[in-house]
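So the chains spell out like this:
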Amino acid sequence: MSLNGSRGAADGSVVPMSPEALAESALAAVAAGAGEVLVHPRTPCGRESLSPRVVGPVLEVLRRAGVGVALSVPAGIAAEPDPAGRLERVAAWTVLPDRAAVHFGQPGAAELAEALLARGVAVDAVVPLGGAAGPEPLARFLAWPVREPGRVRLTAELAAGDPALVAGLHGLPPVPVLLYGRDAAAWPVLRLAARCGTGVRTGAGDVTHLPDGRPARSNAELVAAARDLLEETA
């Protein structure tokens, strides 16, 4: 479940902002059925950051609040533009997430993934499929020798709920697969993922409306809607 993503206050009350609001939203989403929580840590001024002084306190607030599922953070350009800087930030973390998302459309992805695994952090290898992404991110992931398939997951962001976009996933390393989409693609991709039997994701970081088009009031409402949709598709 993507708790806040790259969204901000302008996206409405469905997006939690403060660490306390993130914890409250995460607890409600887990109660509604979320099995993981992806959170984008931010500075007080709202900027995404990989600094240990930002990542650590956010994770600690969530854990102290009782969020007992796996916690994940993104390790990408939005939080640190420089590939070497991302490696330095990850090496300096004093509080570790359970997982970290590494975008294979960004430079230095393989090195960053290796650094995270060496620190004991599982990796979500994010690969965009369709749209303007092109084939390069998937090619970079396939060229990366996955030595610990039990701690790596392919997280494919689909531009649309088109089965043709997942046809190229044949011949992947033996890693779990999660499919998700954003905004208009979010619910069609979730339906496709249900049919394909892969992992799924929702949350205000990905989509702020329900399958019927109504604005979502909370992450918990999005998770409940996703559960209903999965049951219907099954």
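Structure shown above.
From a predicted model like this one, the values you see are computed outputs, not experimental measurements.

What follows covers the packing of helix H1 (residues 19-32) against helix H7 (residues 219-233). Interhelical geometry of H1 versus H7 gives an angle of 20° and a closest axis separation of 8 Å. When the axis of H1 is compared with that of H7, the two are roughly parallel. Read as a crossing pair, H1 and H7 show a hand that is right-handed. Between H1 and H7, the contacting residues are Ser 25, Ala 28, Ala 29 and Ala 32 on the first element and Asn 219, Ala 220, Val 223, Ala 224 and Arg 227 on the second. Split into classes, the residues belonging to the contact of H1 with H7 amount to six nonpolar, two polar and one charged.

A word on the sheet that holds strand E7 (residues 199-200). Spatially, seven strands are ordered E1-E2-E3-E4-E5-E6-E7 in an open sheet, and the strand pairing comes out parallel. The sheet is open, and its two borders are formed by strand E1 (36-38) and E7, each paired with just one other strand. Sheet contacts for helix H5 (residues 136-143): strand E4 (122-129) and strand E5 (152-158); angle to E4, the most-contacted strand, approximately 145°.

What follows is about the pairing of strand E6 (residues 177-180). Across the two faces of E6 the burial is the same, with Val 177 and Leu 179 and Leu 178 and Tyr 180 all buried. As judged from the four bridges shared by E5 and E6, these two strands associate in the parallel manner. Its bridge partner being in E6, Leu 154 is matched across the sheet by Val 177. As defined by bridge partners, E6 adjoins E7 across two bridges and the pair is classed as parallel. Within E7, the position partnered with Leu 179 by the bridge is Val 200. You can see the chain leave E6, run along helix H6 (residues 186-196) and come back into E7, and the turn it takes is right-handed.

Bringing the packing of aromatic side chains into the picture now. Each pair of aromatic rings is reported with the distance of its centres and the angle of its planes. With the rule as written, the count across this model stands at three aromatic pairs. Each ring, one from Phe 104 and one from Phe 141, has its centre 5.6 Å from the other, and the planes form 90°; the classification is edge-to-face. One end of the pair, Phe 104, is in the loop between strand E3 (99-103) and helix H4 (109-118); the other, Phe 141, is in helix H5, and 37 residues separate them in sequence. Taken together, Phe 104, Phe 141 and Trp 144 form an aromatic cluster joined through their ring pairs. One cation-aromatic arrangement involves Arg 201 over Tyr 180; the distance from NZ or CZ to the ring centre is 3.7 Å.

Calculation criteria
- Residues numbered from 1 in each chain as written.
- Predicted model: local features only at pLDDT ≥ 70, side-chain atom pairs only at ≥ 80, totals over all residues.
- Heavy atoms only, no water.
- Axes fitted to C-alpha atoms, helices over the stretch in contact; angles between N-to-C directions.
- Helix = DSSP H or I, 4+ residues; strand = E, 2+ residues; numbered from the N terminus.
- Parallel < 35°, antiparallel > 145°, perpendicular 65-115°, else oblique.
- Left-handed = near helix turned anticlockwise from the far one by under 90°.
- Contact = heavy atoms within 4.5 Å.
- Nonpolar A, V, L, I, M, F, W, Y, C, P; charged D, E, K, R; others polar.
- Pairing = 2+ DSSP bridges.
- Buried < 20%, exposed > 50% of the residue type's maximum accessible area, 1.4 Å probe, protein only.
- Right-handed = clockwise from strand over helix to strand, strands pointing away.
- Phe/Tyr/Trp six-rings, centres within 6.5 Å; stacked < 30°, edge-to-face > 60°.
- Lys NZ or Arg CZ within 6 Å of the ring centre and 35° of its normal.

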